[in-house]
Amino acid sequence: MKLDYEFFNRDAVTVAKDLVGKILVCTDENGNTKKLRITETEAYCGEDDTACHAHKGRTKRTEVLYMQAGTVYVYLCYGVHWLLNVITGQVDDPQGVLIRACSDGANGPGKLTKALGINKDFNKLTIYDSNKIHIEDDNYKCKIAKDKRVGIGYASIKDQNRLWRFIDKSTLK
């Protein structure tokens, strides 16, 4: 079953946890489809979260964070890797979920976008209405571990210590 607007129209922490185990589906211009199971996510929760891009308010780059739930936010990290996020919650309340890892060796946010051909062209698509990208629920159940988010040394200690990273326990070594 394809996830709809209502799934994403909730707070980022809830959506991040609930996305673990779902199937990320991308279809290229030739109609070839790739599917990977989401194994790790992180929540970013608005202007008060110093790890969130919206922490310093609206800019041209962060405007997408203020859009409707289910909007895709893709940005270039370190000038090298595209990272995939999905906006959650209400319009003008900038929250989102970073999809950090998927199955089949896509064990990092840059590796998963590369494996699925995700780039800036996906930015601002609507994940439940797009023919290029969507997320499915096949009723897979997994146990989930919580941990600190990764790569946010610029954030406050309080925000660095939040357990807003969610991981399928079966992928932990």
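This structure is a prediction, so every number in the text was calculated from the model and none was measured.

## Observations concerning the overall build of the protein
Turning to step 1, where the next piece is worked out: For the protein, the count of helices and strands is 4 helices and 8 strands.
Turning to step 2, where the next piece is worked out: Secondary structure elements of the protein occur, N-terminal to C-terminal, as α-α-β-β-β-β-β-α-β-β-α-β.
Turning to step 3, where the next piece is worked out: Relative to the globule expectation of 16 Å for 173 residues, the C-alpha radius of gyration of the protein, 15 Å, shows essentially globular dimensions.
Turning to step 4, where the next piece is worked out: C-alpha atoms of the protein, sized along the principal axes, occupy 40 × 35 × 35 Å.
Turning to step 5, where the next piece is worked out: Considering the protein as a whole, with its 173 residues, one finds that 50% of them fall into the buried category.
Turning to step 6, where the next piece is worked out: Taking the contacts inside the protein whose residues are at least 6 apart along the sequence as the reference set, 59% of them involve residues at least 24 apart.
Turning to step 7, where the next piece is worked out: Carbon together with sulfur atoms contributes 48% to the accessible area of the protein, which is approximately 8800 Å² in total.
Turning to step 8, where the next piece is worked out: In the protein, the 27 positive side-chain charges and the 23 negative ones have mean positions that sit 6 Å from each other.

## Overview of the pattern of salt bridges
Turning to step 1, where the next piece is worked out: Counted by the stated rule, this structure contains 11 salt bridges.
Turning to step 2, where the next piece is worked out: Put simply, Arg165 and Asp147 hold a salt bridge, and the shortest N to O gap is 3.0 Å. Residue Arg165 is found in strand 8 (residues 165–168), and its partner Asp147 is found in strand 7 (residues 144–147); the two are separated by 18 residues along the sequence.
Turning to step 3, where the next piece is worked out: Residue class for Arg165 comes out buried when judged on its relative accessible area of 13%.

## So, the nonpolar core
Turning to step 1, where the next piece is worked out: Residues Phe8, Leu19, Leu24, Leu84, Ile133 and Ile135 are the most contacted members of the largest nonpolar core, which totals 32 residues.
Turning to step 2, where the next piece is worked out: Among the elements that line this core, the one with the most residues is helix 2 (residues 12–19), at 4 residues.
Turning to step 3, where the next piece is worked out: Aside from chain neighbours lying at most four places away, what touches Leu24 is Lys34, Lys35, Leu36, Ile38, Leu84, Cys102, Leu112, Leu116, Ile133, His134 and Ile135.

What counts, and at which threshold
Residues numbered from 1 in each chain as written. Predicted model: local features only at pLDDT ≥ 70, side-chain atom pairs only at ≥ 80, totals over all residues. Heavy atoms only, no water. Helix = DSSP H or I, 4+ residues; strand = E, 2+ residues; numbered from the N terminus. Rg over C-alpha atoms; globule rule 2.2 N^0.38 Å. Buried < 20%, exposed > 50% of the residue type's maximum accessible area, 1.4 Å probe, protein only. Contact = heavy atoms within 4.5 Å. Areas by Shrake-Rupley, 256 points an atom, 1.4 Å probe, with all protein chains shown as cover. Lys, Arg positive; Asp, Glu negative; His and termini not counted. Charge placed at Lys NZ, Arg CZ, Asp CG, Glu CD. Salt bridge = Lys/Arg side-chain N within 4 Å of Asp/Glu carboxyl O. Core = buried A, V, L, I, M, F, W, Y, C linked by side-chain atoms within 4.5 Å.

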